[in-house]
Structure formats: C-alpha cells, structure tokens
Amino acid sequence: TKKLQEAIVGAQNLGIEKSNNEIKEEHVLYAILETKDNIIKPVLEKINLNFSEFVNFIKSIVDKLPVVGSMSQHPTPSLSLSKLLIKAEKKSTEMNDSFVSTEHFFIASIEDNSVLKSYFSERGKSPADLIKVIIDIRSGAKIDSEEGENKLRALEKYTKDLTELARKGKIDPV
C-alpha cells in the first residue's frame, strides 16, 4: 500500500539521517509509528499498552544501530528486512488481501523479531494477542487497493460514538 511505501521511504531517510549503512526493520517500524493514523496505536491501546513507550523503545533500538563515519552511498536494505518484507507479503496472502500493508509488516515483525517478541511477552502479550486485535479492528475489511488502509476504521475516523461518549459522561444521554 502507499502507507507501507511511504514508511519504507521514511526508513531510508532515517537511515541516511542516522548514518546507518543498512535499513533494518526497526527503521521501517519507526517510520510507521511516526505516521498519522497508523494501525499500531489503536492495537496497543486496545491491549492496554502505552503507545509512546513503544515508540521510545523502537527509537532507542534505531539509535543504537551501527553508524558509518562517512556516507558515500545510500543505505541498503538489510537481509533481515528483505526477509521480513517477504513474510509480510505471505501474511497479506494468508489474510486474503491484495496488497501488503503496514499491518502485515507489523504482524511479520512481532512474529519474527526476537526483541519485539520479548518486549510484548514481558508485558504479558503474545503475537497471537496482537494479531487477534488487528483482525478485530479490521472488522473483516480487506486491503484491496493501494489506498486500502485508509478505508480501515473509517467510522472511528469520521464519526463519534455517542453511546460511548454518554457512558463516559462526556455528553448527556438522550
């Protein structure tokens, strides 16, 4: 999808900015986290994990990546990133989607990356818990176009749940 393409470009820019010789999955993940309306924030909120804490965790990993003294060329994708993108494509197929999205990348990351696995397991969450929440958030929607991610959670983005607001005491019940 366009969002994943933008995240990959953002990851490359981050790699250049940080003088890294390789683009790793953490670069892409951080670029996804920095985008507006990313899928990860509502997933973490739904399982009661702090989004800002997760962003800082990923940023700390990116900050610790090896730095090259002088950059004579653009950083290249790492072998692990290439393998992860292939796994994300397989996830897309398993979920009957026509395009690979940021959520497929996130799912592949949490299943494949041992650092991410331990981050979530230390907080009592498994990759299966996160996948279940993603599927729940999608409500059966499919990614069938480059803009497919923009269709997800459309009601949440453009409307207000008056019943929920009334429950929270934010408006007077009718």
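Predicted model, so just to flag it, every value in this text is computed and none were measured. (Residues numbered from 1 in each chain as written. Predicted model: local features only at pLDDT ≥ 70, side-chain atom pairs only at ≥ 80, totals over all residues. Heavy atoms only, no water.)

Draft legend 1. Spatial organisation of helix α8 (residues 127–138). With 12 residues, α8 should reach 16 Å at 1.5 Å per residue; the first-to-last C-alpha distance of 17 Å fits that figure. Restricting attention to buried positions, one finds in α8 the residues Leu130, Ile131, Val133, Ile134, Ile137 and Arg138. Within α8, the buried residues cover an arc of 160° as seen down the axis, which keeps them to one side. Turned more than 90 degrees away from the buried face of α8 sit Ala128 and Lys132, all of them exposed. Close packing links the buried residues of α8 with α3 (40–46), α6 (102–112) and α7 (114–122). Two residues or fewer past α8, Ser139 is found with a positive phi of approximately 50°. (Helix = DSSP H or I, 4+ residues; strand = E, 2+ residues; numbered from the N terminus. Expected span 1.5 Å × (residues − 1). Buried < 20%, exposed > 50% of the residue type's maximum accessible area, 1.4 Å probe, protein only. Arc of directions from axis to C-beta. Contact = heavy atoms within 4.5 Å.)

Draft legend 2. Quick peek at the packing of helix α5 (residues 79–94) against α6. Close contact between α5 and α6 brings their axes to 8 Å; oriented N to C, the two are set at 120°. With respect to each other, α5 and α6 are oriented oblique. For the element pair α5 and α6, the recorded crossing hand is right-handed. For the pair α5 and α6, the contacting residues are Leu81, Leu84, Leu85, Lys87, Ala88, Lys91 and Ser92 in the first and His104, Phe105, Ile107, Ala108, Ser109, Glu111 and Asp112 in the second. Grouping the constituent residues of the contact of α5 with α6 by class yields seven nonpolar, three polar and four charged. (Axes fitted to C-alpha atoms, helices over the stretch in contact; angles between N-to-C directions. Parallel < 35°, antiparallel > 145°, perpendicular 65-115°, else oblique. Left-handed = near helix turned anticlockwise from the far one by under 90°. Nonpolar A, V, L, I, M, F, W, Y, C, P; charged D, E, K, R; others polar.)

Draft legend 3. Focus on the pattern of salt bridges. This structure, assessed with the given rule, holds 11 salt bridges. Of the charged contacts in the structure, one is a salt bridge between Lys59 and Asp63, with a shortest N-O distance of 3.1 Å. Separated by four residues within a single helix, Lys59 and Asp63 lie in helix α4 (residues 51–63), roughly one turn from each other. One network of salt bridges, in which partners are shared, links Lys87, Lys91, Glu94, Glu111 and Asp112. (Salt bridge = Lys/Arg side-chain N within 4 Å of Asp/Glu carboxyl O.)

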